[in-house]
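Structural overview
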Amino acid sequence: MSGFALRVEDLSKRYRIGAPPKSANGGQAVLGRLAAPFRYLASTFRPPAEDEILWALRGVSFEVRPGEVIGVIGRNGAGKSTLLKILSRITEPTSGRAIIAGRVGSLLEVGTGFHPELTGRENIYLSGAVLGMRRTEIARKFDEIVAFAETEKFLDTPVKRYSSGMYVRLAFAVAAHLEPEVLLVDEVLAVGDAAFQQKCLGKMGNVATQGRTVVFVSHNLVAVQGLCQRAIWLHNGRMAGCGETAQLVSEYLSAARHANTAQMWPEPSAAPGNDKVRLHRLSVRPRGGTPADPITMETPLAVEVEYWSLSADAHLGIRWRFVTEQQAVAFTTASSELSLENDSQPLPPGLYRSVCYVPSNLLNEGLHHLTLLVVRNAGQVIFRLDEALTFDVLNSGARPGFRYSREQGAVRPLLDWTTQRVGDV
Amino acid sequence: MSSAPANQVVIEPSRGWASLGLKDVWEYRELLVYLVARETQGVYRQTALGLSWLFLRPVLNMLLLTFVFGRLVGVKSDDVPYPLFSLAALLPWGFFSNAVLRGSRSLVDNMHLISKVYFPRLVIPLAGAASGLVDLAAAFVVFFTTLLLYRMPLRWEMLWLPLFMLVALGFALAAGLWLATLSVKYRDVTFAVNFLLQALMYMSPVIYSASIVPPSLSFVYALNPMSGVIQGFRWALLGSGEAPGAAFALAAGLVLVGIVSGAYVFRRTERTVVDII
């Protein structure tokens, strides 16, 4: 036995990003515009300055044994995709090295190399060649690929007429039959329906039992836990942890949970706000729990704000805007809408507490940011704090449906349904 | 499955002037064929005339040149019918301009592939230049049909054609490699290529005969590889003019330098191409 299938040694990747622009007045702006092409030319020759550098990966080392399925977890921008890009030789590392024993296959995006005008048959050969398969090899596996993709009838139709589901199935089928020693997979499971996801996972499981190695990158912790014995946790380009998956996932989650579920400013003078309002305390927590407790889709929440009202005759109100990780506003709720206390009278200056109760089975899984708005006279926004609080809603697996990818939608309410037989065929 | 696979892949930053990795390119030769096929097939799908466009283009070009320069302007064509005279030049020129155009765009056009999967990047400009060969084959069919219509004989000198084609292919490849590399950092190249090709066409004997070039300029004129290639085509196919001489050998040498330097420059840019585009 060779000791490893994949060995990564002190791998780093540096990106050069544009320097922050300096503000300029009118005349300088015109000059700057004129000089831009020359500056651009010059910038490609000189070494990058400190503020232009972004380390997407820094000093990452790990080893994967043959036949092991290893997961890579971490937030957006943690370096997961960069790692896969280096391992699949799409881009070169800046320093360090990786050794892979055998052929590498990557499923970074399905449908790579498909040409919309060509037929399914032609595209199988083209895509196979792009992935590094020989013509004879593709011919040998052709029937198997077609059967897996369930597209027999449409082999001689241009793929541009395929439904997106068919397209994805065919593309995955080609890649899955590459039979590499090391397979790199990035979020392919986010596409396709639940049944197809199951099929892909099954295929990946097979790959692993044949002694092949899989590196699986995903946001979806349920899928990672289901597939991988061991995982790597990347944070800001560095290794934050490496070990048994269940253990690592729970560490990762608790780190994510504590990110920003509570904030406190002891003194009004140092607190965010203005001459009318200052914040004292913010928190989001399970109802009856603490901000450190985990939140799942089934958890009812309490979102709390304590603030100093500083002006004498204020009709202050609070609004919370729930923003999902995809930057979609799930909803906005206002204290004036359904308040348990009567706040129609002006409030004297003082410290106030507003609590908003969010029912269970309303939020979708994923990261949520809360934007705090303080309004006066039921409409005028006098203070706003973006990403005032951040919390992660977990999928406990209690709800049926897509297990391995997030169900679409800004919210995920649990609704009443009935289905009954109302007549004959 | 327990034995260690012999083919170990080591990924590390390459320093200085990397090797060309020609062995890797050879491994992926089938991809080269597929990319050329995709280029030609994909373009003509869902067109009413389909692959006939391959033949129509040289025919239409020839008719246009014959009408404007043969009839209206009255360009001297060395005692050869102007249609054949122009077609003999359009063979290598049509091939060359297509190959340079595709080669120079190849990296930027195939970014969706490059950013998603590994393969030797040299395959891409190679396929761009090679796809011009399909146009060339079609143009040859047109040429020999026309030759037959004029009842002109086949000549032994035609056996020299592969040599001239090789120089044209080499020149197209060299230009494609350099331009593709530059286009990654400077998109200006995409605009410049059309102009450069137009200028080069006027500097080559496509619409006129090389015999009108004054002797004082003839050496500099012959340093353009395409002028030698076109003269060679006319000489080999029609027996008009003279076979290109020593200056052509020098131009071919320059082409070789262009290919090698272009390939190395390309390889140097290749490793960071995904980070730039």
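A few words on the overall build of chain A. Of the regular secondary structure elements, chain A holds eight helices and 17 strands. Looking at chain A as a whole, 47% of its 425 residues are labelled buried. Across chain A, the fraction of contacts at a sequence separation of at least 24, relative to all contacts at a separation of at least 6, is 72%. Approximately 20,700 Å² of chain A is accessible, and the part contributed by carbon and sulfur atoms is 52%.

Side chains that are three or four residues apart share a direction in an α-helix, a result of its 3.6 residues per turn. Residues and elements named next belong to chain A. Along helix H2 (residues 80–87), six of the eight residues are buried, which leaves the element largely enclosed by surrounding structure. Of the positions making up H2, those classed as buried are Lys80, Thr82, Leu83, Leu84, Ile86 and Leu87. Positioned one or two residues after H2, Arg89 has a phi angle of 65°, which is positive.

Contacts between the two partners involve 38 residues from chain B and, on the opposite side, 51 residues from chain A. Interface of chain B and chain A: buried area, both sides summed, is about 4,000 Å²; carbon and sulfur atoms make up 57% of it. On the chain B side of the contact with chain A, B:Ile11, B:Tyr34 and B:Lys116 bury the most area, a combined 18% of that side's loss. Between chain B and chain A we count one salt bridge in total. A:Arg134 is the partner of B:Glu27 in a salt bridge, and the nearest nitrogen-oxygen pair spans 3.2 Å. Inspection of the region where chain B meets chain A yields five residue pairs in polar contact (both at pLDDT 80 or more).

As a further point, take the layout of surface pockets. The volume enclosed by the second largest pocket comes to roughly 1,100 Å³. Put simply, the parts of the chain that give the lining of the second largest pocket at least two residues each are strand S5 (104–107) of chain A together with strand S1 (8–11), helix H1 (22–27), helix H2 (29–44) and helix H12 (246–270) of chain B. In the lining of the second largest pocket, the residues fall into 15 nonpolar, eleven polar and twelve charged.

The next subject is the side chain of A:Arg285. All names here are of chain A. Along the polypeptide, Arg285 turns up in strand S11 (residues 277–286). Here Arg285 falls in the buried class, since its relative accessible area comes to 18%. The contacts of Arg285, once residues within four sequence positions are left out, are Thr290, Pro291, Pro300, Leu301, Ala302 and Glu304.

We now examine the nonpolar core. In terms of nonpolar packing, the biggest core is built from 127 residues, with A:Ile124, B:Phe96, B:Phe119, B:Phe143 and B:Leu237 touching the most fellow members. In terms of residues, this core owes the most to one element, helix H4 (residues 82–109) of chain B, which gives 14 residues. Beyond its immediate sequence surroundings of up to four residues, B:Phe143 is in contact with B:Leu84, B:Leu87, B:Ala88, B:Leu91, B:Leu237 and B:Leu238. Residues A:Trp265, A:Ala314, A:Ile318 and A:Leu385 belong to the second largest nonpolar core, which totals 32 residues.

Okay, a nonpolar patch on the surface next. Residues and elements named next belong to chain B. Together, Leu49, Trp53, Leu60 and Leu63 line one region of the surface with nonpolar side chains, adding up to about 360 Å² of accessible area. Inspection of the secondary structure assignment puts Leu63 in helix H3 (residues 52–73). According to the relative accessible area criterion, Leu63 is partly exposed, its value standing at 48%.

Ring pairs (aromatic) are described by centroid distance and by the angle formed between their planes. Considering all chains together, one arrives at 14 aromatic pairs over all chains under this definition. Each ring, one from B:Trp93 and one from B:Phe96, has its centre 5.4 Å from the other, and the planes form 40°; the classification is tilted. Here B:Phe96 and B:Trp93 lie together in helix H4, a separation of three residues that amounts to about one turn. Judged by its relative accessible area of 6%, B:Trp93 falls in the buried class. The exposure class assigned to B:Phe96 is buried, which follows from its relative accessible area of 2%. Through a chain of ring-to-ring contacts, the aromatic side chains of B:Phe140, B:Phe143, B:Phe144 and B:Phe233 assemble into a single cluster. Stacked on the ring of A:Tyr15, the Lys or Arg A:Lys13 has its end atom at 5.3 Å from the ring centre. Of note, A:Arg287 hangs over the ring of A:Tyr357, and the distance from its end group to the ring centre comes to 3.8 Å.

Turning to the sheet that holds strand S14 (residues 329–334) of chain A, a few remarks are in order. All names here are of chain A. As summarised here, the arrangement of the four strands in space is S14-S13-S16-S17, forming an open sheet in which the pairing is antiparallel. The open sheet has two free edges, formed respectively by S14 and strand S17 (380–393), since each of these has just one partner strand. In this sheet, neighbouring strand axes are inclined to one another by 20° on average, regardless of whether the strands run parallel or antiparallel.

Another point: the pairing of strand S3 (residues 69–73) of chain A. Residues and elements named next belong to chain A. Most of S3 is tucked away: five of the five residues are buried. Residues Val69, Gly71 and Ile73 point to one face of S3 and Ile70 and Val72 to the other, with burial holding for every one of them. As defined by bridge partners, S3 adjoins strand S8 (residues 230–235) across four bridges and the pair is classed as parallel. Each residue of the ladder has a partner; that of Val72, found in S8, is Ile232.

Here the focus is the confidence of the model for chain A. Of all residues in chain A, 81% have pLDDT values of 70 or greater, and the mean over the chain is 80. Long-range and interchain partners of residues 20–24 of chain A, a stretch whose pLDDT sits below 50, account for two contacts in this model, where long-range means more than four residues apart.

Rules behind the numbers
Residues numbered from 1 in each chain as written. Chains lettered and ligands numbered in written order. Predicted model: local features only at pLDDT ≥ 70, side-chain atom pairs only at ≥ 80, totals over all residues. Heavy atoms only, no water. Helix = DSSP H or I, 4+ residues; strand = E, 2+ residues; numbered from the N terminus. Buried < 20%, exposed > 50% of the residue type's maximum accessible area, 1.4 Å probe, protein only. Contact = heavy atoms within 4.5 Å. Areas by Shrake-Rupley, 256 points an atom, 1.4 Å probe, with all protein chains shown as cover. Buried area = accessible area lost by both parts, 1.4 Å probe. Salt bridge = Lys/Arg side-chain N within 4 Å of Asp/Glu carboxyl O. Polar contact = N/O pair within 3.5 Å; in protein donor to acceptor, adjacent residues only side chain to side chain. 1 Å grid on protein atoms, 1.4 Å probe; cavity = no way out; pocket = protein on both sides within 12 Å on 5 of 7 lines; lining within 4 Å. Points joined across faces, edges and corners; volume = space filled by probe spheres on them. Nonpolar A, V, L, I, M, F, W, Y, C, P; charged D, E, K, R; others polar. Core = buried A, V, L, I, M, F, W, Y, C linked by side-chain atoms within 4.5 Å. Patch = residues over 30% accessible without salt bridge, like charges linked within 9 Å, V, L, I, M, F, W, Y side chains within 5 Å. Phe/Tyr/Trp six-rings, centres within 6.5 Å; stacked < 30°, edge-to-face > 60°. Lys NZ or Arg CZ within 6 Å of the ring centre and 35° of its normal. Pairing = 2+ DSSP bridges. Axes fitted to C-alpha atoms, helices over the stretch in contact; angles between N-to-C directions. pLDDT = per-residue confidence, 0-100.

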